[in-house]
Number of protein chains: 4
Amino acid sequence: MHRLSEREWQAYRQKNKDRARMLISCPDRAGIVAAVSSFLFEQGANIVQSDQYTTDPETGRFFMRIEFDVVNLEERYEAIKDAFRPVAESFGMDWSLVEAKKRKKMAIFVSKEDHCLLELLWLWKSGALHADIEIVVSNHPDMRETVESFGIPYRHIPVTKERKAEAEEEQLAALGGGVDVIVLARYMQILSPRFLQEYPMRIINIHHSFLPAFVGAKPYEQAYRRGVKLIGATAHYVTEELDAGPIIEQDVQRVTHEEDVEALKQLGRQVERTVLARAVGWHLEDRVLVYGNKTIVFP
Amino acid sequence: MHRLSEREWQAYRQKNKDRARMLISCPDRAGIVAAVSSFLFEQGANIVQSDQYTTDPETGRFFMRIEFDVVNLEERYEAIKDAFRPVAESFGMDWSLVEAKKRKKMAIFVSKEDHCLLELLWLWKSGALHADIEIVVSNHPDMRETVESFGIPYRHIPVTKERKAEAEEEQLAALGGGVDVIVLARYMQILSPRFLQEYPMRIINIHHSFLPAFVGAKPYEQAYRRGVKLIGATAHYVTEELDAGPIIEQDVQRVTHEEDVEALKQLGRQVERTVLARAVGWHLEDRVLVYGNKTIVFP
Amino acid sequence: MHRLSEREWQAYRQKNKDRARMLISCPDRAGIVAAVSSFLFEQGANIVQSDQYTTDPETGRFFMRIEFDVVNLEERYEAIKDAFRPVAESFGMDWSLVEAKKRKKMAIFVSKEDHCLLELLWLWKSGALHADIEIVVSNHPDMRETVESFGIPYRHIPVTKERKAEAEEEQLAALGGGVDVIVLARYMQILSPRFLQEYPMRIINIHHSFLPAFVGAKPYEQAYRRGVKLIGATAHYVTEELDAGPIIEQDVQRVTHEEDVEALKQLGRQVERTVLARAVGWHLEDRVLVYGNKTIVFP
Amino acid sequence: MHRLSEREWQAYRQKNKDRARMLISCPDRAGIVAAVSSFLFEQGANIVQSDQYTTDPETGRFFMRIEFDVVNLEERYEAIKDAFRPVAESFGMDWSLVEAKKRKKMAIFVSKEDHCLLELLWLWKSGALHADIEIVVSNHPDMRETVESFGIPYRHIPVTKERKAEAEEEQLAALGGGVDVIVLARYMQILSPRFLQEYPMRIINIHHSFLPAFVGAKPYEQAYRRGVKLIGATAHYVTEELDAGPIIEQDVQRVTHEEDVEALKQLGRQVERTVLARAVGWHLEDRVLVYGNKTIVFP
């Protein structure tokens, strides 16, 4: 097993050397696009992709994601930011400027089920996930061998009711402050508000979803008894309200009466890993903006 | 506008003249298939299609749907039923024998939204829905012209809180006891237990469905605020527990942040009409068996 | 049966009274978005939706579709066009400016199969197709009653090998020069180059599609013998090369060994009507740009 | 990395200890199901799943797949086969009886692209692929490390035009006669008729598929230039006619003008690995019957 080869990684960096992404959110009014695109033109930038959305052209909020190339991006990065600041202020923008070649630092939290973890590791190994996986944290020891075979550090931190706060401190210490995004790949512990506020809109969770929703324990058993014809999964940012944060991606899989509870779970795992991988990929490429409790996704 | 032409209808009858469907449900044990298929062989029947399902081969319940051709079905129909009775009794079967050429009598209930009604009327007119639509009943007068242009009687029966029981009596009288299935095509009144017990597992409803479920009023507005990525619809048999009867069919449609509430509703209507039409079609061809609160569908 | 009611049509016009769409295609280079958006800002326009695409930011071709609102659009329409002309010239743009409230004039050509025609008529009647259907032209008399029941003129023009050129002259005369788009809704005659050049990239056709492709006669029979698991449909602009014009939309439907040839055709009709309706809807809302032999679709 | 644990494998064997699958194909006529099911009843078998299909109840061919449990299957396996032989002969059946617990022996052929190989290895490692992977054969050395890390032998056999026959002899020798199924996981060499006749309907291939089909070199480049909206993949049994053997499974993925050739290839790889995995899984569970040049799949 090997990481993305140095050669492949160099090729990616080279291709994206001068590629930047600008993310903007502000009250909508006339002139925003003109101001931003004129600014980029003056900077000598070539717009490669541009997406925008407004909740309402008169009174709504405006969102924009622009990918552009500009010569010598790395050297000019701070200067471009400085030059844009007055434009941003005049429109009251929340904004950021990202260098595409800089890979985000990712941590994965996992419990005992490995399907979501493995999907992420395989995608990462094949070069399809533009992140550096810094660490895998688990409340169980089971996945150590698998994770370490990918050359990724594994940290087993047991979590019990009594030592939950203590365990979270250990987790935060293990992350070391340098992590950009945490993926809960079937991590079955609820994170405390204290933990969440360290990583606002930077923790992604996956959970099963059914039509209709089944609350309480054993959802697959409930779904089986009701004879649902679809099972699904939802990837979302984690907020204090359990499983109710902004949705990034959802998908479903058709089932019939023939699937027993075990088969439903198996299919559910397939949907979960696909949906989580898509959501994480979009997050890593800065394609997800959050507004209130919903997302704007520019895939 | 015209009904299915007499010639087309004759062709269908001729093709299905000797086609029967047998539906069976009983405790599973060894020998059921042998007994049924030996019986049909002795009757000179040619099995055309056969589907079966067991919840558990040792202690479960067994379901079977067989389509077969037998010469002179109409003349021999009662004799075949008589001959099968001892077989059925020895296995404790719930069963029925249906002549495929006999179209079921259908009533449609509708309120103000016409998309589900129109889908059914168009499919019926094109010959794809094997039913006789006896009547359309509505608590509003709006659809009269449309329905009557298809040559179908329209009955406007206002429903108010005060005269609900009275209105239901009028509805039952309008159906006249000869209706096999009632389709609630966006009929926005709740039917009473008294009404439901007249048509057990013979009333099909359609309703919108979301991941997660949104309870209470204005579900599309709730779905919009949460930024769902899928909207769906569920067709089910109506039971006393509101919207919780056995599910016949479900489907979803992808949406993005770009769809406003109006667009979500528009797409929701598309899913609703498709899902309802599939469910009704399967019911009319005796492809749906009910067990507890779930369906076995042999599509 | 009735057309979209005058009230509904007024509401649509009112909502889109000041809504314009600008379509642009030109060699890509820096500054295009800045120039266009600055122009619109100066005109007092509010951008509602904006999509763009470039085949290559350095040497490629750039495509843009902008929806915007501007007060008193109708009165200012010509003035805005005049003012934009210098901008367009400096970038070598192909461009157009469309008033959203102006419905395109549509003709439908049909032969004997009615499923695509009916889908368009039903969508149009429900207000979902923003066009005026001026005429239905057919080489057969069969659909007259149906079409006229929608209040649409029907013109039967027989086509035989001998009088094909003559028939096409009659068709062109029947269209009268005022038609914006022609939809071939299972029209089984090949249009001559002479006809096509009157309506370049304004004739939309639908045809079945299989994996793999089956050439020659009776494609459904061929597909059945090969046991395909998917059947599909492709909607495309008509060019002189038969069935090889720019693709607007495609979709497929899963099938199994159980579907006989007749069932495959039935399912094929479902896919065809859905795909054609989507393609026509996008064309009517100016969402399709053509470049070489491919389309850019901003749905 | 580890194989399916001994414990998991034992559990699977235990669960399927007495599970058999009977596959039947014969001219259709009345009485087949009665004869088979009566036979199984006399043997004390419990039918768990049963699927059947007839191309025509009067003159067609009949196909059946039955899963059943029978006590002490392993001991009684030969006796059951002997007892069934007269039944089979009286109906002219092609038939087989398979013990579910016996895993098929599989070989994988691969060239330089690893996505299909890896999907199979991962599924196998997770226990979802009921086969023993005996060997991976490649005309390139590249995958050795990856394959051997799964504990599977890797055999590099170079293939050139000059030594093709010789190479195939080496391949056949490497398989050693004990392999039940060969999966071509993007193996880019054409197998000779001589090779194919050793494994009739036991070699599964995957190839890309487009609507329309693009013949000749660089299909993704052709698809890009034509602006297709769907890209797909087809898994099929290999016959002497290139890429024209019986289709087992197909699927597609939606694309837009935004995907460049590289992105189309990336998405194509996703579809290919999914479709191939489904086809292989069905083959391993004896769910695919072949008739002429098409398959009957009981999924």
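About the criteria used
- Residues numbered from 1 in each chain as written.
- Chains lettered and ligands numbered in written order.
- Predicted model: local features only at pLDDT ≥ 70, side-chain atom pairs only at ≥ 80, totals over all residues.
- Heavy atoms only, no water.
- UniProt positions renumbered as here; feature names shortened; annotations may be inferred.
- Buried < 20%, exposed > 50% of the residue type's maximum accessible area, 1.4 Å probe, protein only.
- Helix = DSSP H or I, 4+ residues; strand = E, 2+ residues; numbered from the N terminus.
- Pairing = 2+ DSSP bridges.
- Right-handed = clockwise from strand over helix to strand, strands pointing away.
- Salt bridge = Lys/Arg side-chain N within 4 Å of Asp/Glu carboxyl O.
- Contact = heavy atoms within 4.5 Å.
- Least-squares fit on C-alpha atoms with pLDDT ≥ 70 in both.
- Domains from an automatic or database assignment.
- Buried area = accessible area lost by both parts, 1.4 Å probe.

Going by what an unreviewed UniProt entry lists, chain A is known as Formyltetrahydrofolate deformylase and is assigned to Brevibacillus thermoruber. Database annotation for chain A, UniProt heading Sequence similarities (unreviewed entry): "Belongs to the PurU family." Per UniProt, chain A carries the Pathway (unreviewed entry) text "Purine metabolism; IMP biosynthesis via de novo pathway; formate from 10-formyl-5,6,7,8-tetrahydrofolate: step 1/1."

The next subject is the pairing of strand β6 (residues 131–138) of chain D. Both faces of the sheet carry side chains from a regular strand, because those side chains alternate between them. Residue and element names in this part refer to chain D. In terms of burial, β6 is a largely internal element, six of the eight residues being buried. Alignment of strand β5 (residues 104–110) against β6, held across seven bridges, turns out to be parallel. Bridged to Phe109 within β6 is Val137. Since β5 and β6 lie parallel, the crossover through helix α4 (residues 115–125) that links them has a hand, and here it is right-handed. The sheet contact formed by β6 and strand β7 (residues 154–156) spans three bridges and is parallel. Across the sheet, residue Val136 finds its bridge partner in β7, namely Tyr154. Running through helix α5 (residues 144–149), the crossover from β6 to the neighbouring parallel element β7 is right-handed.

Summed over the entire model, instances satisfying the criterion amount to 116 salt bridges over all chains. In this structure, Glu221(B) and Lys265(B) form a salt bridge, with 3.6 Å as the shortest nitrogen-oxygen distance. Of the two residues, Glu221(B) sits in helix α8 (residues 219–226) while Lys265(B) sits in helix α9 (residues 261–284), which places them 44 residues apart along the sequence. Note on Lys265(B): relative accessible area 28%, which makes it partly exposed. With its nearest N and O atoms 3.4 Å apart, the salt bridge here joins Asp94(C) to Arg61(C). Placement of the pair is Asp94(C) in strand β4 (residues 94–99) and Arg61(C) in strand β3 (residues 61–69), with a sequence separation of 33 residues.

Turning to the UniProt feature "domain: ACT" (unreviewed entry) in chain A, a few remarks are in order. Under the UniProt annotation, "domain: ACT" (unreviewed entry) lies at residues 21–95 of chain A. For residues 21–95 of chain A, the helix share is 40%, the strand share is 36%, and the end-to-end C-alpha distance is 10 Å.

Here the focus is unusual backbone geometry. Look at Met201(C): it is not a glycine, yet its phi comes out positive at around 55°. Relative to the helices and strands, Met201(C) is located in the loop between α7 (193–196) and β9 (203–210). The phi dihedral of Asn72(D) is positive, around 60°, even though this residue is not glycine. Here Asn72(D) shows up in the loop between β3 (61–69) and α3 (73–91).

What follows is about the UniProt feature "active site" (unreviewed entry) in chain A. The feature "active site" (unreviewed entry), as annotated in UniProt, sits at Asp243(A) in this numbering. As for its placement among the helices and strands, Asp243(A) is situated in the loop between β10 (230–237) and β11 (247–254). With relative accessibility at 33%, the residue Asp243(A) sits in the partly exposed group. Leave out the neighbours within four places in its chain, and Asp243(A) touches Asn205(A), His207(A), His236(A) and Arg226(B).

When chain A is brought onto chain B, the operation consists of a screw motion whose angular component is 180° and whose axial shift is 0.0 Å, with 0.0 Å RMSD remaining. Both copies are brought into coincidence by an operation consistent with a two-fold rotation axis. Across chain A, the rotation axis passes nearest the C-alpha of Ala213(A), at a separation of 2.8 Å. Comparing interface residues between copies, 100% of those in chain A also sit at the interface in chain B, which points to an isologous, same-surface contact.

So, about the side chain of Glu119(A). Assignment of secondary structure puts Glu119(A) in helix α4 (residues 115–125). When neighbours within four sequence positions are excluded, Glu119(A) is seen to be in contact with Arg273(A), Ala277(A) and Arg273(D).

Here we come to the domain arrangement of chain A. Quite often, the size of an interface is put as the accessible area lost when its parts meet. Residues and elements named next belong to chain A. By domain assignment, chain A separates into domain 1 (17–99) and domain 2 (104–297). For domain 1 versus domain 2, the distance between C-alpha centres works out to 31 Å. Domain 1 puts 12 residues into the contact, and the matching count from domain 2 is eight residues. Summing both partners gives a buried area of about 830 Å² for domain 1 against domain 2, and 62% of it is carried by carbon and sulfur.

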